[in-house]
Amino acid sequence: MIDLSHVRAWVFDMDDTLYPREQGLMRLVQARINAYVVEAVGLDPESASVLQRQFLDEHGTTLAGLMANYTIDPEHFLHDVHDVPMDDLEPAPRLRDQLLRLPGRRFVFTNGAREYAGRVLDRLGVADCFDGVFAIEDADLTPKPAPSTFRRMLERFRIEPRTSAFFEDTPKNLEPARALGMATILIGDGHGKPLGDHIDHVAPDLHDFLSALTFKEAAA
């Protein structure tokens, strides 16, 4: 039995969390990021891909790594890499129903750009299910898992961490959430990364996890 009866604020990562990774949207974004690195840094595609993974591990996003090591226009980067079609992203009426039955407030916390997040949520049909979206611009381009970005998100929405839950597909992004007192739920397999005891629950599928929360468990 999953007991999240204490939760009053439900915080969700967006990409590969609110929709299945298999729908491939992030592959399109990653391809555009790789192409951007090729052009900006002057590397061949294979070397650019290696550098991109290094930036993700060390800085949280490719953009943060590029800004730390090169001179780029972050606004141009965000627009360019997120300019992808949404054709393969499927509307999610079941997710909408599950979100609306959660007691309390609901938020999106993403390292993606604000305009892109709006497009994704509109395509899924869940934009109006959320009380707020915290995108990378709201963090002054400092991505998860920076603890300061988590604190900023919590302060922005006046969330009490000990009565909140955070859903995320990247294990290391759950570490600061757990340190702050949030309940942590990993969606998916963690991309092969170590999991650790900072993860309270692991769910292969967001729908299945939310379905396991009954009104009795999730209500005050």
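Our subject is the structure listed above.
The rules behind each value
- Residues numbered from 1 in each chain as written.
- Predicted model: local features only at pLDDT ≥ 70, side-chain atom pairs only at ≥ 80, totals over all residues.
- Heavy atoms only, no water.
- Helix = DSSP H or I, 4+ residues; strand = E, 2+ residues; numbered from the N terminus.
- Rg over C-alpha atoms; globule rule 2.2 N^0.38 Å.
- Buried < 20%, exposed > 50% of the residue type's maximum accessible area, 1.4 Å probe, protein only.
- Contact = heavy atoms within 4.5 Å.
- Areas by Shrake-Rupley, 256 points an atom, 1.4 Å probe, with all protein chains shown as cover.
- Phe/Tyr/Trp six-rings, centres within 6.5 Å; stacked < 30°, edge-to-face > 60°.
- Core = buried A, V, L, I, M, F, W, Y, C linked by side-chain atoms within 4.5 Å.
- Pairing = 2+ DSSP bridges.
- Axes fitted to C-alpha atoms, helices over the stretch in contact; angles between N-to-C directions.

Draft legend 1. Layout of the overall build of the protein. Within the protein, the secondary structure is distributed over 10 helices and 6 strands. Its C-alpha atoms give the protein a radius of gyration of 17 Å, near enough to 17 Å, the size a compact globule of 220 residues would have. The dimensions of the protein, computed from C-alpha atoms along their principal axes, are 55 × 35 × 30 Å. By residue count, 50% of the 220 residues in the protein fall in the buried class. If you take every contact in the protein between residues at least 6 apart in sequence, the share linking residues at least 24 apart comes to 64%. Of the roughly 10,600 Å² of accessible surface on the protein, a fraction of 50% belongs to carbon and sulfur atoms.

Draft legend 2. Structural view of the packing of aromatic side chains. Evaluated as defined, the whole model comprises 11 aromatic pairs. For the pair Y36 and F77, a centre-to-centre distance of 5.0 Å together with 80° between the ring planes defines the contact as edge-to-face. With a gap of 41 residues between them, Y36 in helix α1 (residues 25–41) and F77 in helix α4 (residues 74–81) connect regions that are remote in the sequence. Each member of the pair, Y36 as well as F77, carries the same accessibility label: buried. Judged by centre distance (4.9 Å) and plane angle (85°), the rings of F109 and F150 are edge-to-face.

Draft legend 3. Inspection of the nonpolar core at higher detail. In terms of nonpolar packing, the biggest core is built from 52 residues, with L18, Y116 and F167 touching the most fellow members. Ranked by the residues each element gives to this core, the list is headed by α1, at 6 residues. Those residues in contact with L18, other than ones at most four positions away along the chain, are F12, D13, L95, V108, L121, L124, F130 and L206. Core analysis: the next-biggest nonpolar cluster, separate from the first, contains 17 residues, F109, M182, L186 and I199 among them.

Draft legend 4. Layout of the sheet that holds strand β6 (residues 201–203). Taking strand neighbours across the sheet as the criterion, the 6 strands line up as β3-β2-β1-β4-β5-β6 in an open arrangement whose pairing is parallel. Sheet topology places β3 (132–134) and β6 at the edges, where each strand pairs with a single neighbour. Direction aside, neighbouring strands of the sheet carry axes that sit 20° apart on average. The pairing of strand β5 (residues 183–187) with β6 spans 3 bridges and is classified as parallel. From the neighbouring strand, I185 faces β6, where its bridge partner is H201.

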